[in-house]
Amino acid sequence: MSEPQSQISDAPGPLPFSEDVSKIDSGTREELVADLMRLVEAEPDKVISRNYYRVHGRFRESAWSEHFGTFQEFKRQANVVPSRHVGMHEKHVAKHASADRYRALSAERLGWEDVFQAPKGGRFQTHVIVTDVHDRECDPFFRRVLLDLLRRIQPQRFTLGGDTFDLPEFGKYSVDPREWDVVGRIKWVHEFLAEAREASPNSRIDMIEGNHEYRLLRHLAEASPAMRSILADLHGFTVPKLLGLEEFEVNYLARGDLAAFWAKDIHHELRKNYLIVDDTYLVHHFPEGMKMGLPGMHGHHHKHIVWPHYSPDRGPYEWHQLGCGHVRAAAYCPGEKWANGIMLAHLDTLKRHVAFEYVDLSFGHACVAGRWYFRDESRELIG
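Residues numbered from 1 in each chain as written. Predicted model: local features only at pLDDT ≥ 70, side-chain atom pairs only at ≥ 80, totals over all residues. Heavy atoms only, no water.

J.: Tell me about unusual backbone geometry, and please be specific about residues and values.
T.: Here E249, not a glycine, exhibits a phi torsion of approximately 55°, which is positive. Summarising the element assignment, E249 is placed in the loop between α12 (245–248) and β4 (250–253). One non-glycine residue, A369, lies in the positive phi region at around 50°. The residue A369 is located in the loop between β12 (365–368) and β13 (371–374) in this model. For A369, a relative accessible area of 35% corresponds to the partly exposed category. (Helix = DSSP H or I, 4+ residues; strand = E, 2+ residues; numbered from the N terminus. Buried < 20%, exposed > 50% of the residue type's maximum accessible area, 1.4 Å probe, protein only.)

J.: Could you give an account of the state of the cysteines, with specific residues and numbers?
T.: A complete count under the given rule lists zero disulfides for this structure. Left unpaired, C138 is separated from the closest cysteine sulfur, that of C324, by 9.0 Å. On the accessibility criterion, C138 (8% relative accessible area) is buried. (Disulfide = S-S within 2.5 Å.)

J.: Which residues make up the sheet that holds strand β3 (residues 204–208), and what values do they have?
T.: On the basis of which strands lie adjacent, the open sheet formed by six strands has the order β4-β3-β2-β1-β10-β11 and mixed pairing. The sheet terminates laterally at β4 and β11 (353–360), the two strands that pair on one side only. The sheet shows a mean angle of 20° between the axes of neighbouring strands, direction not considered. Sheet analysis places β3 next to β4, joined by four bridges and oriented parallel. Bridge assignment links I205 to a residue of β4, and that residue is V250. (Pairing = 2+ DSSP bridges. Axes fitted to C-alpha atoms, helices over the stretch in contact; angles between N-to-C directions.)

J.: Report on the packing of aromatic side chains, specifying residues and quantitative values.
T.: Using the criterion set out here, one finds nine aromatic pairs in the structure. Note on Y53 and F74: the rings are 5.6 Å apart at their centroids and 90° apart in plane angle, and the pair reads as edge-to-face. Within this pair, whereas Y53 is found in helix α3 (residues 50–56), its partner F74 is found in helix α5 (residues 71–77), the two being separated by 21 residues in sequence. Taken together, a centroid distance of 5.5 Å and an interplanar angle of 15° make the contact between W188 and F192 stacked. Residue W188 and its partner F192 are both found in helix α8 (residues 182–199); the two are separated by four residues, about one turn of the helix. (Phe/Tyr/Trp six-rings, centres within 6.5 Å; stacked < 30°, edge-to-face > 60°.)

J.: So what's going on with the nonpolar core? Which residues, and what values?
T.: L146, F158, L160, L217, I342 and L361 are the most contacted members of the largest nonpolar core, which has 55 residues in total. Discounting residues that sit within four places of it in the chain, L217 has contacts with L105, R109, E209, V239, L242, Y252 and L258. Counting 16 residues, the second-largest nonpolar core is a separate cluster that includes V277, M343, L347 and Y358. (Core = buried A, V, L, I, M, F, W, Y, C linked by side-chain atoms within 4.5 Å. Contact = heavy atoms within 4.5 Å.)

J.: Give a description of the packing of helix α7 (residues 140–153) against α8 that names residues and reports values.
T.: Across the interface, α7 lies against α8 with an axial gap of 8 Å and an inter-helix angle of 30°. By the criterion of interaxial angle, the relationship of α7 to α8 is roughly parallel. Here R143, L146, L147, L150 and R151 of α7 lie close against α8, whose contacting residues are W188, E191, F192, E195, A196 and A199. Here the residues of the contact of α7 with α8 are counted per class, giving seven nonpolar, no polar and four charged. (Parallel < 35°, antiparallel > 145°, perpendicular 65-115°, else oblique. Nonpolar A, V, L, I, M, F, W, Y, C, P; charged D, E, K, R; others polar.)

J.: I'd like to hear about the pairing of β3, residue by residue, with values.
T.: Two faces make up the sheet, and in a regular strand the side chains alternate between them. For β3, the tally of buried residues reaches five of five residues, placing the bulk of the element in the interior. Residues R204, D206 and I208 of β3 are buried on one face, and the alternating residues I205 and M207, pointing to the opposite face, are buried as well. Bridge count between strand β2 (residues 157–160) and β3: four bridges; the pairing is parallel. Bridge pairing in β3 links T159 to D206.

J.: Go over α7 with me, naming the residues and quoting the values.
T.: Across its 14 residues, α7 extends 20 Å between first and last C-alpha, which sits within 8% of the 20 Å expected from 1.5 Å per residue. Structurally, α7 contributes buried residues whose contacts are with β1 (124–130), β2, α8, β10 (341–348), β12 and β13. N-capping of α7 is provided by D139, with a side-chain oxygen placed 2.8 Å from the backbone N of F141. The first or second residue beyond α7 is Q154, which carries a positive phi of 45°. (Expected span 1.5 Å × (residues − 1). Polar contact = N/O pair within 3.5 Å; in protein donor to acceptor, adjacent residues only side chain to side chain.)

J.: Give a detailed account of the packing of helix α2 (residues 29–42) against helix α4 (residues 61–68), specifying residues and quantitative values.
T.: It is the contact of α2 with α4, at a shortest axis distance of 10 Å, that shows an interaxial angle of 120°. The pairing of α2 with α4 is recorded here as oblique in orientation. Crossing geometry of α2 relative to α4 is assigned as left-handed. Every residue of α4 that contacts α2 at R29, L32 and V33 is listed here: A63, W64, H67 and F68. (Left-handed = near helix turned anticlockwise from the far one by under 90°.)

J.: I'd like to hear about the side chain of R109, residue by residue, with values.
T.: Mapped onto the fold, R109 is located in helix α6 (residues 84–109). Side-chain polar atoms of R109 contact the side chain of E209, separated by 3.0 Å. The residues contacting R109, other than those within four sequence positions of it, are E209, Y214, L217, V239, Y252, A254, G256 and L258.

Everything listed is a geometric property; what it means functionally is a separate question.
See below:
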């Protein structure tokens, strides 16, 4: 025969695992702290975890949680771990200690803005500017057109406006560590720079530090897991060798302090990296450059937009947001909305005047400096 319903409803339910009936169900703060210290003193080399105390302590979990809330606070009150104030002080010291390493690396990358000069050009010049190449994520059509363009026009300047590297191993998007190939990506950039230098041997090449290069060097200072492979495979590489500056005669513009700690400060430091060309136009990686009073362009957002501006001394001028070199297919964001493109800047260096010619490479064909290019190379025309 079954029990009456009233007996079933009045019977107590099972106790949680943490509420061991063999443990003491209440105690004073002093008694609880003394019990925790008993375990610490008995095994000074052991980390006393919540589960360890649940098994070896004398009191139920509800006893200490009533006084301290969390087990971490229980340990703080017993001076087993540092108090919040001491912990904050230790973090503050650690922040400044890590900043020392960042500053040492910052010094290594400075002084490369104006190392390699090009032969003096004539009054009228054409410069080539690209942004957001993103190493191995570069669109093959973009790369082929760019290198052929450098061969054909031999620009006085070739500017990489930030994020020449991608290195998703260091990014905010999740990458399977088994797929890391940091060294392979760095070597891709070296091969790209070698081809650019071969295509236009007398051009001045400038590389602006974007957020991806900044992040790479921060990880180098921290020797993160992904960076340890670089330290092993590229042992003895300095920052200039890592970025290919010496071998391919590339100027590097990096004025931001690597020791910036907070995200807001990092944002501010990155905005210091920009190039002013012949007091005529400006190349920036971020849209803040638009506020600097010169014609010019920025990258970072991978979409082409143009804004008209006016100043009394220069008259009407343009500011462009450039398309990228990154292939228009990215699983981690809507890459189909991006644009691929190259900027040609035609200068009159005497009058300090510039005319911009943006070339869209987002589709199957494009006309660049009088020649038609097709993604399908078998259709290529000789121009």
